[in-house]
Amino acid sequence: MARIGFVGLGRMGAHMARNLLKAGHQVVVFDIVQAAVEPVVAAGATAAFSSAAAAQDADVVITMLPAGAEVRDAWLGQGGLAKASRADALLMDCSTIDVATAREVAAAAGRPFLDAPVSGGVVGAEAGTLTFMVGGDAEAVARAKPILEAMGRNVVHCGDAGAGQVAKLCNNMMLAATMAVTSEAFVMAERLGLPAQALFDVCSKSTAMSWALVGSCPVAGPVPTSAANRDFAPGFTAALMRKDLTLAQQAAKDAGVDAQVGALALSLFDRFVEGGGGGKDFSGIITMIRAGKAG
Ligand code: NAD
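## So, the overall build of the chain
On a plain count of helices and strands, the chain comes out with 14 helices and nine strands. Against the 2.2 N^0.38 benchmark of 19 Å for 295 residues, the chain shows a C-alpha radius of gyration of 20 Å, consistent with a compact globule. Overall, the chain is about 65 × 45 × 35 Å in size when its C-alpha atoms are taken along their principal axes. Restricting to contacts in the chain with at least 6 residues of sequence separation, those with at least 24 account for 61%. As presented, the chain carries roughly 13,200 Å² of accessible surface, and 58% of it is formed by carbon and sulfur atoms. In the chain, which carries 23 positive and 26 negative side-chain charges, the distance between the mean positions of the two groups comes to 4 Å.

Shown next as C-alpha cells:
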C-alpha cells in the first residue's frame, strides 16, 4: 500500500481521500481550511501542517484544487510540492485547470507529472466511480492506475501532458451545449403541447439521445434521479460549468478554433450564473430559458 500526500479537501477531494483510505493506503492530507481537514482525519488520514509536509516521504502526491493559479502555486510556489516531494514520487493533479498551466507545471516539475481531471461530480467522487482523463508519460500512467482505480471506475490515458485537461474541456463544452439545446427543446415542446414524457420517450430512443437527456433530464419526471426532481440542487453546479466553458474558450482560442457553439453556451451560462443560478445544477439553465431570459 502506498503513502499518499493529498492536498485540497473540498467537495471532491475529501471523498477521494476517503476512498484512498478505504483501499488501505496511508493518506497524509493538507488544506488551507482547517474545517475541511477534520472530517478526513476522523476517517483515518493524518494531518500535515503544510502542503510540503504532506508531500514529504510520500510515494504519490495528489492535488485537487480550485483552478490553475492555486495549482501552479501549490506545485511551483514557495515551499511547493514539486521540490518537497521525493525524486521518485508519482505526482498528479486532478483539478480542472487551463491546458497551458497543466503543461507548464508538468514541464517544471522535473519528473513524471500527470494531469488527471475527473468526470462524475461529487456523487462519483463519493461512490468511487469517477472517470479519470489522464495526460502524461505512459509509464507514470501505468503506475498511477491502481491509485486512480481506488477513486474511480475508468482511467483513460489521453496522451502527453495537458491531454487530460483537453479531454475534460472538450467533454464539458459538448455537455453544456447539449444541455442548453435539450432545455430549449423541452420548453418548445411544453409551449406547443407536447408532453415532456413523450418527447423523452422519442428522443431517448432516437438520434437526439445524449447523457444530458437520459442522465440529467432537465424536466422532472422522466429520469427520477435528475436534479430537475429536486429543484435543481446540484449535481454539477452551473458555476463550475461556466468555469469549464471559460477554460474551453481559452483553449479553443489558443488552438485557433472558432468554437461558436461553445461561446454561445458560455454566454448562456454567464447569464444564468449572474442571475443567481451559480449554485444550482447546470441543468437548471432550463429555468432561464423557460422564463424567456435567454436572448
Ligand atoms: P472546492 O472549492 O470544494 O475545494 C477546493 C479545496 O481546495 C478547498 O477545500 C480549498 O480550501 C482548498 N485549497 C485552495 N487552495 C489551496 C491551497 N493552496 N492549498 C491547499 N488547499 C487549498 O472544489 P471542488 O468542487 O472539490 O473541485 C476541485 C476541482 O475539481 C476543481 O478544479 C473543479 O473544477 C474540479 N471538479 C469539480 C467537480 C464538482 O462537481 N465539484 C466535478 C469535476 C471536477
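The rest of the description comes next.
## A few points about the packing of helix H6 (residues 99–109) against helix H9 (residues 163–191)
Orientation of H6 relative to H9, taken along the N-to-C sense of each, is 165 degrees, at an axis distance of 9 Å. As summarised for this structure, H6 and H9 are arranged roughly antiparallel, according to the angle between their axes. As H6 packs across H9, the resulting crossing turns out to be right-handed. Residues Val-99, Ala-102 and Arg-103 of H6 form the contact with H9, whose own contacting residues are Gln-165, Val-166 and Leu-169. Here the residues of the contact of H6 with H9 are counted per class, giving four nonpolar, one polar and one charged.

## Let's talk about the environment of Leu-20
On the secondary structure map, Leu-20 appears in helix H1 (residues 13–22). A residue is classified by how much of its surface remains accessible, and Leu-20, at 0% relative accessible area, is buried. Counting along the chain gives 182 residues from Leu-20 to Val-202, while the straight-line C-alpha distance between them is 42 Å. Once residues within four sequence positions are removed from consideration, Leu-20 is found in contact with Ile-4, Phe-6, His-25, Val-27, Ile-62, Ile-147, Ala-150 and Met-151.

## Notes on the site of the ligand
Of all residues adjacent to the ligand, which total 23 residues, the nearest are Met-12, Asp-31, Leu-65, Pro-66 and Lys-243. Asp-31 is positioned such that a nitrogen or oxygen atom in its side chain is 2.6 Å from an oxygen atom of the ligand. In the complex, 87% of the free accessible area of the ligand, which totals 840 Å², lies under the protein chains. In the shell around the ligand, the residues fall into 13 nonpolar, five polar and five charged.

## Structural notes on the side chain of Asp-281
Mapped onto the secondary structure, Asp-281 falls in the loop between helix H13 (260–277) and helix H14 (285–290). Arg-230 provides the closest opposite charge to the buried, unpaired Asp-281, separated from it by 5.0 Å. Reaching out from Asp-281, the side chain makes a polar contact with the side chain of Ser-283 at a distance of 2.6 Å. In this structure Asp-281 touches Ser-216, Ala-227, Phe-232, Ala-233, Pro-234, Gly-235, Phe-236, Thr-237, Ala-238 and Phe-272, once residues within four positions along its chain are discounted.

## Comments concerning unusual backbone geometry
With an omega of 5 degrees, the peptide bond running from Pro-234 to Gly-235 counts as cis. Mapped onto the elements, Gly-235 comes out in the loop between helix H11 (211–214) and helix H12 (238–254). Although it is not a glycine, Asp-57 sits at a positive phi angle of roughly 70 degrees. Within the secondary structure, Asp-57 is located in the loop between helix H3 (51–55) and strand E4 (60–63).

## Things to note about H9
Counted at 1.5 Å a residue, the expected span for H9 with its 29 residues is 42 Å, and the 42 Å between its end C-alpha atoms agrees. A positive phi of about 85 degrees marks Gly-193, the residue just after H9.

Reading the values: rules and limits
- Residues numbered from 1 in each chain as written.
- Predicted model: local features only at pLDDT ≥ 70, side-chain atom pairs only at ≥ 80, totals over all residues.
- Heavy atoms only, no water.
- Helix = DSSP H or I, 4+ residues; strand = E, 2+ residues; numbered from the N terminus.
- Rg over C-alpha atoms; globule rule 2.2 N^0.38 Å.
- Contact = heavy atoms within 4.5 Å.
- Areas by Shrake-Rupley, 256 points an atom, 1.4 Å probe, with all protein chains shown as cover.
- Lys, Arg positive; Asp, Glu negative; His and termini not counted.
- Charge placed at Lys NZ, Arg CZ, Asp CG, Glu CD.
- Axes fitted to C-alpha atoms, helices over the stretch in contact; angles between N-to-C directions.
- Parallel < 35°, antiparallel > 145°, perpendicular 65-115°, else oblique.
- Left-handed = near helix turned anticlockwise from the far one by under 90°.
- Nonpolar A, V, L, I, M, F, W, Y, C, P; charged D, E, K, R; others polar.
- Buried < 20%, exposed > 50% of the residue type's maximum accessible area, 1.4 Å probe, protein only.
- Near = heavy atom within 4 Å.
- Polar contact = N/O pair within 3.5 Å; in protein donor to acceptor, adjacent residues only side chain to side chain.
- Salt bridge = Lys/Arg side-chain N within 4 Å of Asp/Glu carboxyl O.
- Expected span 1.5 Å × (residues − 1).

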